[in-house]
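Structural overview for review
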Amino acid sequence: MRWNLPNTLTLLRIAAIPLIVLLFYLPYPWSNPAAGLLFAAAGITDTLDGYFARRLGQTSRLGAFLDPVADKLIVAVALVLIVSHDTRLIIVLTAVVIIGREITISALREWMAEIGQRRKVAVSQLGKIKTVLQIVGLSMMLYRVPLVFFPTYRTGVILTELAALATLVSMVAYLRAAWPELMRQEANSSETQR
């Protein structure tokens, strides 16, 4: 059953991306907060689709493919939007670290799946913490407007920087877990070429 609740939530997350872009660039005082709130709602669907897939027994190959694609797309778009308005080095480096890590780990997981070792690079607890920091931090950075005396944007920057640090630590952990297999495959490849 492809069009189940979890897959619908994932597709809604993808559909939210152009709306977030539009809201971010609209010249109204409410548009940035609306972009931030929509991003936060999309982040919540990331948790809900996995929960419902397991709870309702509605896991599918389509869902397993779409979920990480939706996550990476929406985060990358949010980072690009933020960098388009805030070009400070720390913001640019944070975006580069997060996007670079996502590309690296996606490629690593694909390769490990090809050789039947994907479980060695399954999502870790640190990866889940990183995701929460990213969603909350980026939501606040997109929201931009201070809430009374609460510095929304600045707090979002701090949380997103912590997420970037967590991405580096988790990337190293994933690479260390995969390294023996990488070396084994390289050794087998060298033997075959002789």
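All figures in this text were calculated on a predicted structure; none of them were measured in a lab.

Concerning the nonpolar core
- Counting residues in each nonpolar core, the largest one holds 24 residues, and the members touching the most others are Ile20, Phe39, Ile74, Ile82, Leu138, Met141 and Leu142.
- Sorting the residues of this core by element identifies α1 (5-25), α2 (31-55), α3 (61-85), α4 (89-114), α5 (125-143) and α6 (152-193) as the ones contributing at least two each.
- Looking at this core, the element that brings in the most residues is α3, giving six residues.
- For Met141, the contacting residues outside a window of four places in its chain are Ile82, Ile91, Tyr153, Gly156, Val157 and Thr160.
- One finds Leu108, Met112, Met171 and Tyr174 within the second-largest nonpolar core, a separate group that totals six residues.

Comments concerning α4
- If you check α4, its first and last C-alpha atoms are 37 Å apart, about what 26 residues at 1.5 Å a residue would give, namely 38 Å.
- Positive phi shows up at Gly116, right after α4, with a value of about 75 degrees.

Examining the packing of aromatic side chains
- Here the structure, examined in full by the defined rule, presents two aromatic pairs.
- Considering the side-chain rings of Phe24 and Tyr25, the 5.2 Å spacing of their centres and the 85 degrees angle between planes classify their relative orientation as edge-to-face.
- A relative accessible area of 2% places Phe24 in the buried class.
- Assessed through its relative accessible area of 45%, Tyr25 is described here as partly exposed.

About the cut-offs
Residues numbered from 1 in each chain as written. Predicted model: local features only at pLDDT ≥ 70, side-chain atom pairs only at ≥ 80, totals over all residues. Heavy atoms only, no water. Core = buried A, V, L, I, M, F, W, Y, C linked by side-chain atoms within 4.5 Å. Buried < 20%, exposed > 50% of the residue type's maximum accessible area, 1.4 Å probe, protein only. Helix = DSSP H or I, 4+ residues; strand = E, 2+ residues; numbered from the N terminus. Contact = heavy atoms within 4.5 Å. Expected span 1.5 Å × (residues − 1). Phe/Tyr/Trp six-rings, centres within 6.5 Å; stacked < 30°, edge-to-face > 60°.

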